[in-house]
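Now for the letters of each chain:
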Amino acid sequence: MSQRTLSIIKPDGVAQGLIGEIYKRFADAGLKIIAARMLHLDDQQAREFYRVHCERPFYDDLVAYMTSGPIMVQVLEGVDAIDRNRELMGATNPADAARGTVRADFGESVERNVVHGSDGPGTAGEEIDFFFRRAELHPH
Ligand code: UDP
Ligand code: MG
């Protein structure tokens, strides 16, 4: 079934020049980019986006990392887009990520792991709405 999911290339991914490499992987996996924007999150936006983790010990570090530089945010559309994108990403900790995944190839640590992807239909809808208005989505 065709789905949409939110993807972020995090500050370490943008700084390593990985936008093109990661976009190629989306295309090869049959994931279409139907919206995209580069932006630099402020502290309040990063706290809001990751509010589910606000009680976790890594929360303040995560917010500092996510506000440390520009990010590239995109909406992906395709069959099983949510799981397919999570497969391309690999496990949260690059040390545990399968070979050939983005995190295994380019992640530095459990925190600096290059990419974000929605983890289910509910969060995908909420996260897309966090960054994009309906008129900014361009299915093709
Ligand atoms: N994170 C971290 N330390 C941890 C777990 C997660 O710094 O022990 C960071 C990491 O950047 C991760 C993000 O918090 O991508 C969100 O964590 P989540 O468990 O949702 O992992 P994800 O869905 O990104 O794989
Ligand atoms: Mg998550």
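Parameters at a glance
Residues numbered from 1 in each chain as written. Chains lettered and ligands numbered in written order. Predicted model: local features only at pLDDT ≥ 70, side-chain atom pairs only at ≥ 80, totals over all residues. Heavy atoms only, no water. Phe/Tyr/Trp six-rings, centres within 6.5 Å; stacked < 30°, edge-to-face > 60°. Helix = DSSP H or I, 4+ residues; strand = E, 2+ residues; numbered from the N terminus. Core = buried A, V, L, I, M, F, W, Y, C linked by side-chain atoms within 4.5 Å. Buried < 20%, exposed > 50% of the residue type's maximum accessible area, 1.4 Å probe, protein only. Salt bridge = Lys/Arg side-chain N within 4 Å of Asp/Glu carboxyl O. Arc of directions from axis to C-beta. Contact = heavy atoms within 4.5 Å.

Draft legend 1. Broad picture of the packing of aromatic side chains. A complete count under the given rule lists five aromatic pairs for this structure. Consider the rings of Tyr-23 and Phe-26, whose centres lie 5.9 Å apart with planes at 40 degrees: the pair is tilted. Of this pair, Tyr-23 and Phe-26 are both found in helix α2 (residues 19-28), three residues apart, which corresponds to roughly one turn of the helix. Following the ring pairs from residue to residue traces out a cluster consisting of Phe-49, Tyr-50, Phe-130 and Phe-131.

Draft legend 2. Focus on the nonpolar core. In this structure, Leu-6, Ile-8, Met-66, Val-73, Val-75, Phe-131 and Phe-132 are the most contacted members of the largest nonpolar core, which totals 21 residues. Those elements that provide at least two residues to this core are β1 (2-9), β2 (32-39), α3 (43-49), α4 (59-66), β3 (71-79) and α7 (121-131). When residues in this core are grouped by element, the largest group, five residues, is from α4. Core analysis: the second largest hydrophobic core is formed by 15 residues, Phe-26, Ala-29, Val-102 and Phe-106 among them.

Draft legend 3. Structural context of the pattern of salt bridges. Applying the stated criterion across every chain, the model contains 11 salt bridges. A salt bridge links Arg-25 to Asp-105; its shortest N-O distance comes to 2.8 Å. With a gap of 80 residues between them, Arg-25 in helix α2 and Asp-105 in helix α6 (residues 102-106) connect regions that are remote in the sequence. Given a relative accessible area of 16%, Arg-25 falls into the buried group. What makes Asp-105 partly exposed here is its relative accessible area of 38%. With its nearest N and O atoms 3.2 Å apart, the salt bridge here joins Glu-136 to Arg-37. In this pair, Glu-136 sits in the segment after α7 while Arg-37 sits in strand β2, placing the two residues 99 residues apart along the sequence. Given the relative accessible area of 23%, Glu-136 is considered partly exposed. Shared partners join several salt bridges into a network, and the residues in it are Glu-21, Arg-25 and Asp-105.

Draft legend 4. Local environment of α2. Listed in full, the buried residues belonging to α2 are Ile-22, Arg-25 and Phe-26. All buried residues of α2 lie within an arc of 105 degrees about the axis, which places them on one face of the element. Facing away from the buried side of α2, by more than 90 degrees, are the exposed residues Lys-24, Ala-27 and Asp-28. Those residues of α2 hidden inside the fold are in contact with β1, β2, β3, α5 (81-89), α6 and β4 (115-117). Just downstream of α2, Gly-30 is the residue with a positive phi angle, here 80 degrees.

Shape descriptors only; they carry no functional weight alone.
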